[in-house]
Each structure stands twice: as structure tokens, then as C-alpha cells.
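Residue-level structure breakdown
For reference, the chains in residue letters:
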Amino acid sequence: MTKTASISPEKIELIKEKAKMSRLETIRLISLAKSGHYGSSFSSSEIFATLYYHIMNYKADDPKWPKRDRFVMGKGHSAVGVYPILADVGFFPKEELDTYTQVGSAFGDHPDMNKIKGVDFSSGSIGHGLSVGVGMSLGARVDNENYRSYILMGDGELQEGQVWEAAMSAASFKLGNLVAIVDNNKVTVDGNTEELMNINPIKEKWENFGWNVVEVDGHDIEALVETFENLPPADSDVPTAIICDTVAGKGVSFMEHGYEWHVANLGEGDIKRAIEEIEGGN
């Protein structure tokens, strides 16, 4: 990257506050469901906020706008962290979130593109997201459009072979409008990613598949903005992988780095403590 980010300090603060909002709403929604994915949602909060409040092109009043950037969560279990943002930017009324996981609600543990405005792919089974992104990016080429496809994956998701088939295809098809974002929080539902199935070295793997690769602190808004703003042109020949160094459970001290909080439920006392830590964080 040779340029710096073109963003005001006020916008940086806004994005930080929206990341906090995502975490706080995640706690509230999971308290309704009595179980949910804290760790992997919190590790992505700054990524979500940066994309939706500064980087991506979309129209909340026209969710199927053909020229919109696409966002796909390979790690669909983190949808609880995105729903509040989709509501906040205007895709649907915030009150609808109060039905989260209830019978008949559009809002389940994983996102449904047929029920929720602003969702571009119904993800859940890990590993499919990048393949979907390849298709979306090829679609942009066929339609002579210049939108980007942003695909968020967990580091544990890279254990899926389909991810690497898609990575090989994207480089072969020269999809410069495809951006893979790896939430490298280093844990899965069963434990430490490296101990269960070592995927390192991540950067070198993507490079060897023919991708442009950038490593960034996934909780540093300024660094994220700079990275996204300085992507190669969408009509370039090389797809980009952004490896985000993140912390599972970020923002709540007793959750951070712990795989036990991948899916769980907080008691009343821990809810209070978690909210206080998030609200008091920088």
C-alpha cells in the first residue's frame, strides 16, 4: 500500500462506535435465544463496521441494486453480529430483531437471503462462501459491472478443501474484483486452530495460489480502512486476500482467546460485566 486512508477522525470514531453497537446487540440477541456465537462475532465486529459504514457500495432502500458490492459470510454463524448493522443502516426496522430465533422469525442463527433484506447468501455449511464469491465476481464480468465481492471466512474454515479449489479458480479467472477476508482469530469450536488442523503459513498459501495478500490488525479501524481503500482496481487481474489478525471474543476480557465462547450463553452477572467492558472500551 502506497496511499493513506482518506477518512476523518470523526468517521473513525463512528465506525468504532458501530463495532461496539454490534457487540452489545449480539449480547442482547443471544440473551433472547439463550445460546449463540459470541467469540467469532466479536472478532469480526470492526470488519463488519468498516465495510458497511465506509467501504461497500449498497442501497438499503434497494437491496437488490445490481451495482451493489456483495458481502458473503462463509462463517455464517457470525450473522448475529451483522443483523444489527443491517438494521442500523436501514435494510429493515430495528424492531424486527426482537424476534431473533423465534418460531417464524426471519432471523435465525445463520442468515437466510430469501428472508432478510441485505443478505446476499444463505451461509451455514462452512467452506462454500469463496466459491459463491467466485460466481458473483464472474457474474459482474458477464454483466459488465464493476462491483466487488467481499467474502468473510474464519481461519478454521480454511481447513475446507473447497476453499482452495475456489482460490485456485479465482486466480485462474483473474478475478481482481474478488476480496477474501480471513478472520484469523485462531480458534474453532473445538479448540486452537493450529493444534486441531494447522493451516499455517496462511499468507504464503494464498500467495502460492496466485493472490495478492495483505496482513492487517483486524481490530484497527484506521489500518482496515487503509487496506480496503488501497485494494487493486476491481478490473485488475489478481484477487486479494486480507488476512486479519483478530482475537476471538474481542472486547470482553473473560472471553478473549477462548474457544469456549465460540457458542455459549451468558448468565445475568456475566452479561452485566460484558456490557460494562464493551461500553468502557476504546
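Structure: see above.
Here we summarise the structure given alongside this text. (Residues numbered from 1 in each chain as written. Predicted model: local features only at pLDDT ≥ 70, side-chain atom pairs only at ≥ 80, totals over all residues. Heavy atoms only, no water.)

**Some details on the nonpolar core**
- Counting 55 residues, the largest nonpolar core has Y38, L51, Y52, F71, Y150, I181 and F228 as its most contacted members.
- Filtering out sequence-adjacent residues up to four positions away, Y38 remains in contact with I27, I30, M255, W261, H262, A264, N265 and L266.
- In this structure, A167, L175, V182 and W206 belong to the second largest nonpolar core, which totals 25 residues. (Core = buried A, V, L, I, M, F, W, Y, C linked by side-chain atoms within 4.5 Å. Buried < 20%, exposed > 50% of the residue type's maximum accessible area, 1.4 Å probe, protein only. Contact = heavy atoms within 4.5 Å.)

**Structural notes on the pairing of strand β2 (residues 149-154)**
- Across the six residues of β2, six count as buried, placing the element largely inside the fold.
- In β2, alternate side chains face the same way, and those of S149, I151 and M153 on one face and Y150, L152 and G154 on the other are all buried.
- Across four bridges, strand β1 (residues 70-73) lies against β2 in parallel orientation. Opposite R70, over in β2, you have S149 as the bridge partner.
- Where β2 and strand β3 (residues 178-184) come together, six bridges link them in parallel fashion. (Helix = DSSP H or I, 4+ residues; strand = E, 2+ residues; numbered from the N terminus. Pairing = 2+ DSSP bridges.)

**What to know about the pairing of strand β7 (residues 240-245)**
- Along β7, five of the six residues are buried, which leaves the element largely enclosed by surrounding structure.
- Sheet topology note: the β3/β7 ladder contains six bridges and is parallel. Across the sheet, the residue bridging to V182 is I243, located in β7.

**Some points on the packing of helix α3 (residues 45-55) against helix α4 (residues 79-88)**
- Put simply, α3 and α4 touch, their axes get as near as 10 Å, and they point 20° apart. For the element pair α3 / α4, the angle class is roughly parallel. Read as a crossing pair, α3 and α4 show a hand that is right-handed. When α3 is examined against α4, the residues F48, A49, Y52 and Y53 are found in contact with a partner set consisting of G81, V82, I85, L86 and D88.
- Residues that form the contact of α3 with α4 fall into these classes: seven nonpolar, one polar and one charged. (Axes fitted to C-alpha atoms, helices over the stretch in contact; angles between N-to-C directions. Parallel < 35°, antiparallel > 145°, perpendicular 65-115°, else oblique. Left-handed = near helix turned anticlockwise from the far one by under 90°. Nonpolar A, V, L, I, M, F, W, Y, C, P; charged D, E, K, R; others polar.)

**Side note on the pattern of salt bridges**
- For the coordinates displayed, the defined rule picks out 14 salt bridges.
- The partner of D98 in a salt bridge is R28, with the nearest N and O atoms 2.9 Å apart. One end of the pair, D98, is in the loop between α4 and α5 (129-142); the other, R28, is in helix α1 (residues 9-33), with 70 residues separating them in the sequence.
- The class of R28 is partly exposed, set by a relative accessible area of 29%.
- E276 serves as the salt-bridge partner of K272, at 2.6 Å between the closest nitrogen and oxygen. Taken together, the residues span about one helical turn, with K272 and E276 both in helix α10 (residues 268-280) at a distance of four residues.
- For K272, a relative accessible area of 52% corresponds to the exposed category.
- Connected via shared salt-bridge partners are K18, D88 and K94. (Salt bridge = Lys/Arg side-chain N within 4 Å of Asp/Glu carboxyl O.)

**Remarks on the sheet that holds β2**
- Here we have five strands laid out as an open sheet, ordered β1-β2-β3-β7-β6, and parallel in their pairing. Edge positions in the open sheet fall to β1 and β6 (212-217), since each of these has one partner strand only. Here the strands of the sheet are splayed against their neighbours by 20° on average, with no regard to which way each runs.

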